[in-house]
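Coordinate inspection notes
Okay, here's what each chain looks like letter by letter:
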Amino acid sequence: MEMKKRSVRLFAALATATALAAPAAWADLVVPNFSYRTGPYAANGAPYADGFNDYFTLLNERDGGIGGQKIVVPECETSYNTEKGVECYESLKGQNPVVIAPVSTGIAYQLIPKVSADKIPMYTPGFGRTSAQDGRVFEWVFNAPTNYWDGASIAIKYLLDEHGGDLNGKTIALLYHNSAFGKEPIRTLQELSKKHGFKLTEIPVDPGSSQEQKSQWLQIRREKPDHVILYGWGVMNPAAIQEAANVRYPMEQMIGIWWSGAEVDVTAAGAAANGYKAMAFHGAGQNYPIYDELKAHVFDKGLASQGGPHIGTVLYSRGMHSAMVTAEAIRKAQELAGTDAVTAAQVRDGFEALDISAERLAELGLTDFSPAIKTSCEDHGGSGMARVQQWDASAKAWNPITDFYEPDNEVIDPLIRADSEAFAKENNITLRCN
């Protein structure tokens, strides 16, 4: 009987030791992929998810992860549905993710209070709540390198250049996805219209009927705006471009936000889409050294996500860019914490101390791929820079036609502070970074 008791005690001790050792033995860093490969936005979500997966596969295969820690990327299908996205978050947070990246403005809005309570950083590059740039209020949310309000002001800066610096008396129509995403730039454009003297016409497209835009384009044909700014997503984009062609609206006078500037948005219209413009905060195509690394360590090994159907496309590149910034935040967190097995809170610190310089981008094989990113306690949004690219239908390629523009911070900064401070007051948040 005594031997049996000693065996039980020994087993219990071994079990306890194994449990205590488990975090070290299973210290993989969990970075979930909130994908949408099904539903009406699948054509946009799939390439983004693939680029996100493949970058972390590259790091795992070539480098053994980040700082010796493998990156685990569990996928959760959201169908770009806010309720499903929240369900994904709840199902994944038990795996102790070090960062959340929901790839949906609606989901991001719903997760802000959750990640803040659970102390998990959320990364929303080029989407989400714009005023999350204010780190004094949004401690756990980061949206570098740019946001929707930056994009609106950069579109206007570009149009100012097109018109010799004067938009007074011009008419600009905003054709927007009638959702949290599409409504984001309205306030900024209203302020910019006051500053520059152009008339702003706001034209919503309901998500449920985004393929049916005849009434919106009849309005555009009737009013003949000098330019159309497109804040669309999913099937709304190719439908808008096709309808523009149908009413013979000049394609060169349209400019989309970066979520309206992928191959899937223009190819259906064929030659009629030639000359369409969109903003971009990263490059497209495979003319970057990182693709040699991806080929050697991922593609040639048969490890490309979903077999690699979207390699080099705009949205694949965007997913890869998101993964790159996340990886650099993890790397910075390891440096600051003095340990490779970093926690979510330590990765938050890494996001807040990012310094991805042009030199670092070159080291990563991404020369001139995107603007440098530098964040701080107060600034979670980086430079806000983006450039304009144009679709060449014959070559089936996006070509950059400008350098990176800086946003109009004279207009945007006060808007961000007003919005973030109102949020802080409503939610009893004490401003930080003092």
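Rules behind the numbers
Residues numbered from 1 in each chain as written. Predicted model: local features only at pLDDT ≥ 70, side-chain atom pairs only at ≥ 80, totals over all residues. Heavy atoms only, no water. UniProt positions renumbered as here; feature names shortened; annotations may be inferred. Helix = DSSP H or I, 4+ residues; strand = E, 2+ residues; numbered from the N terminus. pLDDT = per-residue confidence, 0-100. Contact = heavy atoms within 4.5 Å. Domains from an automatic or database assignment. Buried area = accessible area lost by both parts, 1.4 Å probe. Salt bridge = Lys/Arg side-chain N within 4 Å of Asp/Glu carboxyl O. Polar contact = N/O pair within 3.5 Å; in protein donor to acceptor, adjacent residues only side chain to side chain. Nonpolar A, V, L, I, M, F, W, Y, C, P; charged D, E, K, R; others polar. Buried < 20%, exposed > 50% of the residue type's maximum accessible area, 1.4 Å probe, protein only. Arc of directions from axis to C-beta. Pairing = 2+ DSSP bridges. Right-handed = clockwise from strand over helix to strand, strands pointing away. 1 Å grid on protein atoms, 1.4 Å probe; cavity = no way out; pocket = protein on both sides within 12 Å on 5 of 7 lines; lining within 4 Å. Points joined across faces, edges and corners; volume = space filled by probe spheres on them. Disulfide = S-S within 2.5 Å.

The name given to the protein chain in an unreviewed UniProt entry is ABC transporter substrate-binding protein, with the source organism recorded as Paracoccus solventivorans. Within the UniProt record for the protein chain, the comment given under Sequence similarities (unreviewed entry) is "Belongs to the leucine-binding protein family."

1. Observations regarding the UniProt feature "domain: Leucine-binding protein" (unreviewed entry) in the protein chain
Annotation from UniProt places "domain: Leucine-binding protein" (unreviewed entry) at residues 34-394. Span residues 34-394 is 42% helix and 13% strand, its end C-alpha atoms 34 Å apart.

2. Concerning the confidence of the model for the protein chain
Mean pLDDT over the protein chain: 93, with 94% of residues reaching 70 or higher. Note on residues 1-27: pLDDT under 50 across the span, and three contacts to partners over four residues away in sequence or across chains.

3. Regarding the domain arrangement of the protein chain
You can read the domains of the protein chain as domain 1 (29-146 + 284-384) and domain 2 (148-280 + 388-409). One C-alpha centre belongs to domain 1, the other to domain 2, and the line joining them spans 27 Å. Residue-level contacts link 27 residues of domain 1 with 24 residues of domain 2. When domain 1 packs against domain 2, close to 2,100 Å² is buried across both sides, 59% of that on carbon and sulfur atoms. Viewed at the interface, domain 2 and domain 1 are joined by zero salt bridges. Where domain 1 packs against domain 2, one counts nine residue pairs in polar contact (both at pLDDT 80 or more). Breaking the side of domain 1 that touches domain 2 down by element, the ones donating at least two residues are helix H2 (42-63), helix H4 (105-118) and helix H12 (314-337). Split by residue class, the side of domain 1 that touches domain 2 holds 13 nonpolar, 11 polar and three charged.

4. Examining helix H3 (residues 82-92)
Turn by turn, an α-helix covers 3.6 residues, leaving residues three or four places apart pointing in a common direction. Of the positions making up H3, those classed as buried are Gly-85, Val-86, Cys-88, Tyr-89 and Leu-92. For H3, the angular spread of the buried residues around the axis is 155°, confining them to a single face. Structurally, H3 contributes buried residues whose contacts are with strand E2 (33-35), strand E4 (75-77) and H4. A distance of 3.0 Å separates the backbone nitrogen of Glu-83 from a side-chain oxygen at the start of H3, and that oxygen is part of Asn-81.

5. Things to note about the pairing of strand E9 (residues 227-231)
Judged by how many residues are buried, E9 sits mostly within the fold: five of five residues are covered. Neither face of E9 is open: one carries His-227, Ile-229 and Tyr-231, the other Val-228 and Leu-230, and all of them are buried. Across five bridges, strand E7 (residues 171-177) lies against E9 in parallel orientation. Considered in E9, the bridge of Ile-172 is made with His-227. Read from E9 through helix H9 (residues 236-246) to strand E10 (residues 254-256), the crossover connection turns out right-handed.

6. Some points on empty space enclosed by the protein
Under the counting rule described, the total for this entry stands at two cavities of 30 Å³ or more. Quantified by volume, the largest cavity comes out at close to 80 Å³. Lining the largest cavity, in full, are Tyr-36, Tyr-80, Val-103, Ser-104, Thr-105, Phe-127, Tyr-148, Phe-181, Trp-233 and Trp-259. Of the residues belonging to the lining of the largest cavity, the class tally is eight nonpolar, two polar and no charged. Volume-wise, the second largest cavity comes out at about 40 Å³. Residue lining of the second largest cavity: Pro-32, Asn-33, Phe-34, Tyr-48, Phe-52, Ala-101 and Val-103, and that is the complete set. Its residues placed into classes, the lining of the second largest cavity shows six nonpolar, one polar and no charged.

7. Details of the state of the cysteines
What is meant by a disulfide is a covalent connection between two cysteines, made through their sulfur atoms. Tallied over the entire structure, the rule returns two disulfides. Shown here is the disulfide that connects Cys-76 with Cys-88, its sulfur atoms set 2.0 Å apart. What sets the handedness of the Cys-76 and Cys-88 disulfide is the S-S torsion sign, and at about -85° it is left-handed. Taken together, the residues span a long stretch of sequence, with Cys-76 in strand E4 and Cys-88 in helix H3 at a distance of 12 residues. Between the sulfur atoms of Cys-377 and its disulfide mate Cys-433 the distance is 1.9 Å. Measuring handedness by torsion sign, the sulfur bridge of Cys-377 and Cys-433 sits at about -85° and is left-handed. Here Cys-377 is found in the loop between strand E13 (373-374) and strand E14 (387-392), whereas its partner Cys-433 is found in the segment after helix H15 (409-426), with 56 residues between them in sequence. Sequence-ordered numbering of the bonded cysteines in the protein chain gives a disulfide pattern of 1-2, 3-4.

8. Quick notes on the environment of Val-388
Among the secondary structure elements, Val-388 is positioned in strand E14. Put simply, Val-388 and Val-247 are 141 residues apart on the chain and 24 Å apart in space, counted from C-alpha to C-alpha. Sequence-distant contacts of Val-388, defined by excluding residues within four places in its chain, comprise Tyr-158, Ile-255, Lys-277, Ala-278, Met-279, Asn-399, Pro-400, Ile-401 and Thr-402.

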